[in-house]
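So the chains spell out like this:
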Amino acid sequence: MKVAISTDRGYVSAHFGRCPEFTILDIDAGKIVNKKVIPNPGHHPGYLPEYFEQMGIEAVIAGGG
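These figures come from a predicted structure and were not determined experimentally.

1. A few points about the environment of D26
By the secondary structure assignment, D26 is in strand β3 (residues 21-28). The spatial distance from the C-alpha of D26 to the C-alpha of I57 is 8.9 Å, given a sequence separation of 31 residues. Beyond its immediate stretch of four places on either side in the chain, D26 contacts M1, K2, K31, I32, V33 and N34.

Here it is, written out as structure tokens:
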């Protein structure tokens, strides 16, 4: 499973679309097998869900509340 986490300097960011980066995790059998940090590709309405789908991401974690 691939998961994207909105992050800001290693912490979960409360601003999903405007966070500076995303941490992408590959999880297999409950363990992280790969981790990479990518810059936010930009905030456009509806863009990020399609972008993540193309990357094979199945879940997104974001802060806020």
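More follows now that the structure is in view.
2. Overview of the pairing of strand β4 (residues 31-39)
Sheet topology note: the β3/β4 ladder contains 8 bridges and is antiparallel. When the bridges of β4 are listed, L25 appears paired with K35. The hairpin formed by β3 and β4 contains 2 residues between the paired strands, and A29 there has a positive phi angle of roughly 55 degrees.

Here is what the cut-offs are and how they apply
- Note on numbering: residues in each chain are counted from 1, in written sequence order.
- Selection of residues for local features in this predicted model requires a pLDDT of at least 70, selection of side-chain atom pairs for listing and counting requires 80 or more, and totals for whole chains, interfaces and linings are taken over all residues.
- Side-chain figures throughout are based on the complete set of non-hydrogen atoms in the structure, without hydrogens or water.
- The way it works is that DSSP assigns letters per residue, a run of H or I at least four long becomes a helix, a run of E at least two long becomes a strand, and they are numbered from the N terminus.
- Contacts are assigned to residue pairs with any non-hydrogen atoms lying within 4.5 Å of each other.
- Two strands pair if DSSP finds at least two bridges between them.

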